[in-house]
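Examination of the molecular architecture
Given next are the chains, with one letter for each unit.
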Amino acid sequence: MLDRRLFLGAGIAGASALTFSSVWSQSAPNFGLPDLPAVGHKRMKLGKMEIIALNDGAVRRPLGEEFVTNAPLEQVKALLASQNLPTDYIDVPYTPFLLINGDQRYLFDTGFADNGPPTTGKLAANLAAVGLKPTDINNVVLSHFHGDHINGLRNKAGQLVYPNARVHVPSAEHAFWIDDARMEAAPPAMKGAFMGVRRALGNLGGDQLVKFESGAAVAPGITSVAAFGHTPGHTLFRMDSEGQSFAYVADITNVPSLFARAPDWSVLFDMNPAMARVSRRRVFDMLVKDKMMAGGFHFPFPAFGTMEASGNGYQFKPVAA
């Protein structure tokens, strides 16, 4: 039997990802625009490789009871206040990462392109700022298929944004979303999430679509890591070069000021919250133990740094912007 909560989470995070900044805010106070970085790119050397964080923008959404599904809003606001953060709204940034290894350029997740809210779609300009064009990207690697990670594959007109890229996808994630029977069984509110996957990934010809098993190597120096729960095939990536390591942790946590500090809380968008909590602690424990540099799609820009143990949870320590 298909889990109703899984469908609900997918419907909100997948189908509504293009517009979710406004879904809950139509009758809410106007809290202004999100803070965007003055410089939306940040480089880091990793042995012979280079990693570049490329911000695609952010949205500001009112903080309501629905955002953290298993904690009272008063506790959520108290945790934010203890970090001198606003308590009435949440800024959610979007930051894909680019790995350059020789002549291979791997873009991890894609953001929105021109499909999203007005404070998104900054990736192309930030890519240009580091001297690259979309045609220079020869690999796109997807962590999972929620809309804010895949919609940037195609522009609003339906054209491929990265026409020279092979698109690498986790097999388990692909199997879930491409299942026609599952799409037919989904409630109407979720069908758009399935259709969004077909729009982004459909008609990829020849060897353009490359499936991999989570846990397998994607390419030399890039190993995938299963971290299921946020979605059925949510996958992270470890990159290694000359004894240095970096982990792209995608959506292992949404806002780290909440879900790293309180890793047993569940965000609205987790499709299997119990599994996501287990994956979150396992990954954060690894990052702390190995003192590994890590980057997250929704981490505050520059979106990478280290994790430290903090109370019953963890604290993100970003590198200097």
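Everything discussed here concerns the structure shown above.
Reference entry: report on the structure contained in this document. (Residues numbered from 1 in each chain as written. Predicted model: local features only at pLDDT ≥ 70, side-chain atom pairs only at ≥ 80, totals over all residues. Heavy atoms only, no water.)

Notes on the sheet that holds strand β10 (residues 217-219)
Formally: Two strands qualify as a pair provided DSSP detects at least 2 bridges between them. A run of H or I in DSSP becomes a helix once it reaches four residues, and a run of E becomes a strand once it reaches two; helices and strands are each numbered from the N terminus. Between N-to-C directions, angles cover 0 to 180 degrees, with each direction set by a line fitted to C-alpha atoms, over the stretch in contact for helices. The contact criterion used throughout is that any non-hydrogen atoms of two residues lie within 4.5 Å.
Taken in spatial order, the 7 strands of this open sheet run β10-β11-β12-β13-β14-β15-β16, and their pairing is mixed. What marks the edges here is a single partner per strand, and that holds for β10 and β16 (313-318). Sheet twist, expressed as the mean angle between neighbouring strand axes with direction ignored, is 35°. Note that strand β14 (residues 293-295) and strand β15 (residues 304-310) share 2 bridges and pair antiparallel. The partner of G295 across the bridge, within β15, is F304. Against the sheet, helix α10 (residues 273-290) contacts β11 (222-226), β12 (235-241), β13 (244-248), β14, β15 and β16, and its axis sits at roughly 100° relative to β15.

Points about helix α3 (residues 73-82)
In plain terms, the rule: When accessible area is computed with a 1.4 Å probe and restricted to protein chains, residues below 20% of their type maximum are described as buried, those above 50% as exposed, and intermediate ones as partly exposed. Think of it as the arc spanned by the lines of direction from the helix axis to the C-beta atoms.
When α3 is considered as a whole, its buried residues turn out to be L73, V76, L79 and L80. Seen along its axis, α3 keeps its buried residues to an arc of 125°; they face one direction. Of the residues in α3, the exposed ones pointing more than 90 degrees away from the buried face are E74 and S82. In the core, the buried residues of α3 are packed alongside β4 (89-94) and α9 (256-259). Count one or two residues on from α3 and you reach N84, which has phi positive near 60°.

Looking at helix α8 (residues 188-201)
The criterion, for reference: The span expected for a helix works out to 1.5 Å for each residue beyond the first.
Compared with an ideal rise of 1.5 Å per residue, which puts 14 residues at 20 Å, α8 spans 21 Å between its outermost C-alpha atoms and is within 8% of the ideal. Considered for burial, the residues of α8 that qualify are M190, A193, F194, G196, V197, R198, A200 and L201. Backbone geometry just downstream of α8 places N203 in the positive-phi region, at approximately 65°.

Observations concerning the nonpolar core
A general feature of soluble globular proteins is that nonpolar side chains tend to end up buried together. This is how it is decided: Buried Ala, Val, Leu, Ile, Met, Phe, Trp, Tyr and Cys residues that are joined via side-chain atoms within 4.5 Å together make up what is termed a nonpolar core.
Counting residues in hydrophobic clusters, the biggest one holds 59 residues, and the most contacted among them are F67, M239 and L258. It is α3 that provides the largest number of residues to this core, a total of 4 residues. With residues near it in sequence (within four places) discarded, L258 still touches F67, V68, V76, L79, L80, I90 and W265. If you look at the next biggest cluster of nonpolar residues, it comprises 32 residues, including I52, I100, M183 and M190.

Considerations on the packing of aromatic side chains
For clarity, the cut-off: Classification of ring pairs uses Phe, Tyr and Trp, with its six-membered ring standing for Trp, and accepts pairs whose centres are within 6.5 Å; under 30 degrees between planes counts as stacked, over 60 as edge-to-face, and the remaining range as tilted.
Taken as a whole and judged by the stated rule, the model has 17 aromatic pairs. Aromatic side chains F97 and Y248 sit 5.4 Å apart centroid to centroid with 50° between the ring planes, which places their arrangement in the tilted category. Of the two residues, F97 is situated in strand β5 (residues 97-101) and Y248 in strand β13; the sequence distance between them amounts to 151 residues. Look at F97 and you get buried, because its relative accessible area is 1%.

Let's talk about the sheet that holds strand β6 (residues 104-108)
A sheet is described by the order of its strands in space; here 7 strands give the open sequence β1-β2-β5-β6-β7-β8-β9, paired in mixed fashion. Strand pairing shows two members of the sheet lacking a second neighbour, β1 (41-46) and β9 (209-212), which therefore form its edges. Across the sheet, the axes of successive neighbouring strands diverge by a mean angle of 20°, strand direction being ignored.

Some words on the pairing of β4
With 5 of 6 residues buried, β4 lies mostly within the body of the structure. Relative to β4, strand β3 (residues 57-62) runs antiparallel, the two being bridged by 6 bridges. Bridge pairing in β4 places R60 opposite D91.

Considering the layout of surface pockets
Counted only if it meets this: In the cavity and pocket records, a cavity denotes points on a 1 Å grid over the protein atoms alone where a 1.4 Å probe fits but cannot get out, a pocket denotes an open set with protein on both sides within 12 Å along at least 5 of 7 lines, and lining residues are residues with an atom within 4 Å of a point. Grid points are joined across faces, edges and corners, and a volume is the space filled by probe spheres set on the points.
One number sums up the size of the largest pocket: a volume of about 590 Å³. Forming the walls of the largest pocket are 25 residues, and the residues nearest its centre are L85, D91, V255, S257 and P300. Those elements giving two or more residues to the lining of the largest pocket turn out to be β3, β4, α9 and β16. Considering each element in turn, the lining of the largest pocket owes the most residues, 5 residues, to β4.

Some details on the pattern of salt bridges
So the rule is basically this: Take a side-chain nitrogen of Lys or Arg and a carboxyl oxygen of Asp or Glu: if they are within 4 Å of each other, that pair is a salt bridge.
All told, the structure shown has 12 salt bridges when counted by the stated rule. Of the charged contacts in the structure, one is a salt bridge between K133 and D136, with a shortest N-O distance of 3.6 Å. In this structure K133 comes out as partly exposed when scored by relative accessible area, which is 48%. Classification of D136 as buried rests on a relative accessible area of 19%. Measuring nitrogen to oxygen at the nearest pair gives 3.1 Å for the salt bridge that ties R281 to D264. Placement of R281 in helix α10 and of D264 in the loop between α9 and α10 is noted, with a sequence separation of 17 residues between them. A relative accessible area of 21% means that R281 is categorised as partly exposed. You can call D264 partly exposed: its relative accessible area is 34%. Three or more residues are tied together by salt bridges with common partners; here these are D35, R60 and D91.

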